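# Examining the three-dimensional arrangement
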Amino acid sequence: MIPLKKRGWLLLAILLFSLSTTAHAQTLVGRVTTTDGAPLELVQVVVERLDRGTVTDEGGRWFLDKLPLEPVSLEFRFVGFRTENRLVDVVAGETVVNVVMQEARVDLAETVITAEGQADAMLKRSTRSVSILAPEDLDRSRGQTIGAMLSELPGVSVLSTGPSIAKPVIRGLHSQRLVVVNAGVQQEGQQWGGEHAPEIDPFSAGRVEVIRGAASVEYGVGAIGGVIRIEPEELPYDRGLGADLALNAFSNNRHGAVSASVFSGLGSKWAWRVRTSARKAGDSRTPDYVIGNSGFQELDAAATVGFHSNRAGFRLHVSHFGTTLGLFSGAHIGNFDDLLRAIERGQPAVDYAFTYDISAPKQRISHDAISLNGHIRLSSGDWIDAQLGFQSNRRSEFDAHRRFGDPDTDPAFSLTLQTSSAEVQLRQRPRGGLIGSIGLSATTQGNHNGESGFLIPNFRATTVGAFIHEMFVTDAWTFDAGLRYDHRWLRAWPRENLSSGPFVRHDATYGSLSAIAGVIWRMDPSWSVSSNLGHAWRPPGVNELFNYGVHHGTAQFETGNPDLGVEQSWNLDVTLRHTSDGVTAELSAFRNRMDGYIFLFPDDEPRVTIRGTFPAFHYVQKNATLKGLDGWIEVHLTDRLDVHVTSSIVRGTDRESGEALVEMPADRIRGGVEWSPRFLSGSERPTSLHLDIIAVKQQDRIPEGVDYAPPPPGYSLVNAGISGSWTRGSTPLSWSLDVNNVFDTAYRDYMSRFRYFIDDPGRNVSLRMQLSFGAGS
């Protein structure tokens, strides 16, 4: 019998051979890019006279076959770009037509044509609910964490652990139920911890896409709640030497950040970019007191080099992320009575003075990653994409109380997680409206526990998967279907010479299918409705199985459950989209049935240890349902005035008891206005003022009597700011001045891990500037 892995490669080889023998006699192929070499997806490629057409894929690639042997007129359409026309003499064999599209600025007729393309792209974007943060959106929030940058999107909230750690939560799910893809590789960095935020330089993101709902077919085990795709900045093909510099300053914690990049194209086929960033912050402050030991410092670097041609290309991305984070020391309590008094007091017992110093308890994390992505076009017009990745994540957590050694230099526990991954896909060219991909993936991990702490054991895990995903597109309808199988092998064992009680070694295997089926109906030029039914799963995490000890980051005692089984999800998502002159909107409703939902549940009593007394939690598994609504609307009232509203509601219920689930985000709504007054105009990028109001309801849907303190009351915050740009000589300067929490309101969010002890930070004034030089300007 042929082993599973060999059978997968054999299947792929047969498929490639069969496709490579189907090359047609006269075909047109090509790639559409912007002037800086970035691929343009969803560009319409039309042969009007023949009533033929297609759209470009995510690499900007397109293909038309079975064309007559005669000259044809091609038209390339996309919003915001000048429509390009090419007269091509179709000859026997294959003809390459690459197009660089120029941004449209003044031609009204062309803008009208391309606006149709924009509506088409928005209304038929996905069968799931999707939000995109483009570079201009990211510029407004540079300097914050990735989690904080995403928190303004509908359906996304933040699980915070003090002022410096923010972890994204999508529709009530986080950690192992979200997949973060950075530079094409799934981020693996001890994401089991509620305070373990993605180890990614926020300045390096060129584009962020959030997919809400189950997406395991494309992204593998764990994509139950959604996917966050972070793409590095595009490489500057066809550009010369350039640079940019970003400077950020924040008042609340006296936080300063600087990031600089240098880049260049080499001819039209090669390009490179190097970026380094640094951030340093002291203690944050609530309206009434300083949050002691809440500073952080960070130093990151990344380099990217790429090559592309008509037939092949690759991108090599190397990055380092390093940070040291202080953890509020008032959450580490000496005994049970002090813990109760700290919760009742509601603020620190110590009057802290501001400092940049960081002492134990603290975390020190470094994350190195290498990703290599390559693609090659086959003679059939299909493409092979391959992705290789390696990551090394090193995490040390330092306890405030330690029996031996120095708490500031000797970690209480230290973990090293190394992950290698590979994926190969065959991306099919469009065939009569049918487009899709088929692929194989493999990931292997090893975790080493280097200190005396037991919280996470040593383990090795290997996961292999195979998938197929197809879409059929017509003018009004899009059908989406996919299937995937993943198999995971896991072995966990205690650290040598460590007394681990009955736990010696644990072997387990898991396997299951994932599937999606979706449809989009564009009912008229302005409206579409889509629906997606997705099945996803994940095996229990090592932390959920074997945790036993104080988790210093969250200041709580956690106990695992080795009897936990697989978590299964059936998610139904319905999305209504609208776009017309002046109004763009999306509203989604979802219902996620989760069998074997795993979560931390508070113990009856805190746990007393030699390090102090901590709130205690243990992992439980229940059948649950998560459902809710999220959406947004943007209204362009005049050429100078826009308003926008986003909102999200999540309900989590234990189906067995009928009680609400803990740690579900509260209902929230955000509304704002952006105004570009005439008296501030005069620059190429108009100066604009904005005002936003955020209202969060008290989370009153929690099981009665199970938490250490009642949920905090709801709150409202007001943010305001001004932004614009100047050009001096050939150097453009973009800037913004923002004030968050204008009225210095004291509040606590239910999703804050430190809500028992302290308020969230108060007023924060931030100044951002970005300069471009050379080809960057």
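Residue numbers here run from 1 along each chain, matching the order of that chain's written sequence. The model is predicted, so local features are restricted to residues of pLDDT at least 70 and side-chain atom pairs to those at 80 or more, both for listing and for counting; the totals for chains, interfaces and linings are taken over all residues. In computing side-chain properties, one takes all heavy atoms of the structure into account and sets aside hydrogens as well as water.

We now examine the overall build of the protein. By the criteria applied, helices consist of DSSP H or I runs no shorter than four residues and strands consist of E runs no shorter than two, each listed in order from the N terminus. A count of helices and strands for the protein gives 7 helices and 41 strands. Exposure categories follow from relative accessible area, calculated using a 1.4 Å probe and restricted to protein chains: below 20% of the type maximum is buried, above 50% is exposed, and the middle band is partly exposed. Counting every position in the protein, which comprises 777 residues, the buried fraction comes to 55%. Every residue pair with non-hydrogen atoms within 4.5 Å of one another is taken to be in contact. Summarising the internal contacts of the protein: among those between residues at least 6 apart in sequence, 66% fall at separations of at least 24. Looking at the protein as shown, the accessible area adds up to about 32,100 Å², and 58% of this sits on carbon and sulfur atoms. All accessibility values rest on the Shrake-Rupley procedure with a 1.4 Å probe; residue burial counts only the protein chains present in the view.

What makes a patch is a set of residues exposed beyond 30% relative accessible area and free of salt bridges, joined within 9 Å when like-charged and within 5 Å when nonpolar (Val, Leu, Ile, Met, Phe, Trp, Tyr). When a carboxyl oxygen of Asp or Glu is within 4 Å of a side-chain nitrogen of Lys or Arg, the pair counts as a salt bridge. Residues Leu434, Phe472, Trp477, Phe479, Trp521, Met523, Trp527, Leu576, Leu587, Leu629 and Ile649 make up a contiguous nonpolar surface patch of about 930 Å² in total accessible area. For the nonpolar patch, the elements supplying multiple residues, two or more each, are β26 (477-493) and β27 (506-524). Positionally, Ile649 belongs in strand β36 (residues 641-654). On the basis of relative accessible area, Ile649 is assigned to the partly exposed category, the value being 30%.

Two elements, strand β35 (residues 616-638) and β36, share 14 bridges in a ladder whose sense is antiparallel. Bridging from a neighbouring strand, Leu629 pairs with Ile649 of β36. The pairing criterion is simple: DSSP has to find at least two bridges between the two strands. The antiparallel hairpin formed by β35 and β36 contains 2 residues in its connecting segment. Taken together, the 8 bridges between β36 and strand β37 (residues 668-675) define a ladder with antiparallel strand orientation. Residue pairing for β37: His644 is matched across the bridge by Gly672.

What follows concerns the packing of aromatic side chains. Ring pairs shown here join Phe, Tyr and Trp side chains whose ring centres sit within 6.5 Å, with only the six-membered ring taken for Trp; geometry is labelled stacked below 30 degrees between planes, edge-to-face above 60, and tilted in between. Taken as a whole, this structure holds 14 aromatic pairs when the rule is applied. Ring geometry for Trp270 against Phe307: centres 4.9 Å apart, planes inclined by 50°, an arrangement best described as tilted. Here Phe307 lies in strand β19 (residues 296-308) and Trp270 lies in strand β18 (residues 270-281), a separation of 37 residues in the sequence. Taking the centre distance of 4.4 Å and the plane angle of 35° together, the rings of Tyr715 and Tyr747 count as tilted. Placement of Tyr715 in strand β39 (residues 715-728) and of Tyr747 in the loop between β40 (731-740) and β41 (764-774) is noted, with a sequence separation of 32 residues between them. Given the relative accessible area of 11%, Tyr715 is considered buried.

Strand order in this open sheet of 4 strands is β3-β2-β5-β6, and the pairing throughout is antiparallel. Each having just a single partner strand, β3 (52-55) and β6 (84-89) make up the two edges of the open sheet. Each strand of the sheet is rotated relative to its neighbour by a mean of 20°, with strand direction disregarded. As judged from the 3 bridges shared by strand β2 (residues 44-47) and strand β5 (residues 71-77), these two strands associate in the antiparallel manner. From the neighbouring strand, Gln44 faces β5, where its bridge partner is Arg77. For every element, the axis is a line fit to its C-alpha atoms; helices are fit only across the contacting stretch, and the angle between N-to-C directions ranges from 0 to 180 degrees.

With that out of the way, let us pick up the nonpolar core. By convention a nonpolar core is built from buried Ala, Val, Leu, Ile, Met, Phe, Trp, Tyr and Cys residues, the set being connected through side-chain atoms within 4.5 Å. Phe328, Ile343, Phe459, Leu490, Tyr756, Phe757 and Ile758 are the most contacted members of the largest nonpolar core, which totals 40 residues. Of all the elements in the fold, those that place two or more residues in this core are α6 (336-345), β23 (413-427), β25 (458-473), β26, β27, α7 (542-546), β32 (583-602) and β35. Excluding residues within four positions of it along the chain, Phe328 makes contact with Ile291, Gly292, Asn293, Pro348, Tyr352, Phe754, Phe757 and Ile758.

In the structure shown here, the tally under the stated rule is 32 salt bridges. Its salt-bridge partner being Arg593, residue Asp595 comes within 3.5 Å of it at the nearest N-O pair.

Now for empty space enclosed by the protein. Using only the protein atoms, space was sampled on a 1 Å grid; points where a 1.4 Å probe fits but cannot get out form cavities, open sets with protein on both sides within 12 Å along at least five of seven lines form pockets, and lining residues are those with an atom within 4 Å of a point. Grid points are joined across faces, edges and corners, and a volume is the space filled by probe spheres set on the points. A full pass over the atoms with the stated rule returns 15 cavities of 30 Å³ or more. Space inside the largest cavity adds up to approximately 280 Å³. Together, 23 residues line the largest cavity, and His174, Phe599, Leu600, Glu663 and Arg753 are the ones closest to its centre. Every element with two or more residues in the lining of the largest cavity is listed here: α7, β30 (556-559) and β32. Counting residues per element, the lining of the largest cavity draws most heavily on β32, at 4 residues. Counted as a void, the second largest cavity has a volume near 190 Å³. Ser164, Ala197, Pro198, Glu298 and Phe321 are, among the 20 residues lining the second largest cavity, the residues nearest its centre. Going through the elements one at a time, β19, β20 (312-326) and β21 (362-377) are the ones with two or more residues in the lining of the second largest cavity. Think of it as three bins: nonpolar holds Ala, Val, Leu, Ile, Met, Phe, Trp, Tyr, Cys and Pro, charged holds Asp, Glu, Lys and Arg, and polar takes everything else, Gly as well. Within the lining of the second largest cavity, the residues separate by chemical class into 10 nonpolar, 5 polar and 5 charged.

Okay, the sheet that holds strand β14 (residues 205-212) next. Strand order in the open sheet formed by 5 strands is β9-β14-β15-β12-β13, with mixed pairing between adjacent strands. Bordering the open sheet on either side are β9 (129-133) and β13 (185-186), each of which pairs with just one other strand.

Time to look at unusual backbone geometry. Cis geometry is found at the peptide bond from Ala360 to Pro361, where omega equals 5°. Turning to its location among the elements, Pro361 is positioned in the loop between α6 and β21. A positive phi angle, near 60°, is found at Glu663, a position not held by glycine. Structurally, the position occupied by Glu663 is in the loop between β36 and β37.

On a regular strand, one side chain projects to one face of the sheet and the next to the other, so that they alternate. With 3 bridges connecting them, β30 and β35 associate as parallel partners. By the bridge assignment, Phe557 is partnered in β35 with Ala616. Bridge analysis of β32 against β35 gives 18 bridges, and the strand direction is antiparallel. Bridged to Ala585 within β35 is Ile633.

Our focus in this paragraph is the environment of Val169. Structurally, Val169 can be placed in strand β11 (residues 166-170). Looking at Val169, the relative accessible area reads 0%, which means it is buried. The spatial distance from the C-alpha of Val169 to the C-alpha of Gly155 is 8.1 Å, given a sequence separation of 14 residues. Residues within four places of Val169 in sequence aside, it is in contact with Gly155, Val156, Ser157, Val158, Leu159, His174, Leu178 and Met751.

Looking now at the confidence of the model for the protein. Regions with low pLDDT carry predicted coordinates that are not meant to be interpreted in detail. In the predicted model, the protein carries a mean pLDDT of 84, and 88% of its residues have values of at least 70. A residue's pLDDT is simply how confident the predictor is in it, with values from 0 to 100. Low pLDDT, under 50, characterises residues 1-5; the predicted model gives this stretch 3 contacts beyond four residues in sequence or across chains. Note on residues 7-25: pLDDT is under 50 here. Beyond four places in sequence and across chains, it has 28 contacts.

Before going further, it helps to spend a moment on the side chain of Asn252. Take Asn252: it is sitting in the loop between β16 (242-250) and β17 (255-266). Throughout this description, a polar contact denotes any pair of N or O atoms lying within 3.5 Å of each other; where both atoms belong to protein, one of them has to be capable of donating a hydrogen while the other can accept it, and for residues adjacent in sequence the pair is counted only when both atoms sit in side chains. For Asn252, the side chain forms a polar contact with the main-chain nitrogen of Arg285, separated by 2.9 Å. A polar atom in the side chain of Asn252 sits 3.0 Å from the backbone oxygen of Arg763.

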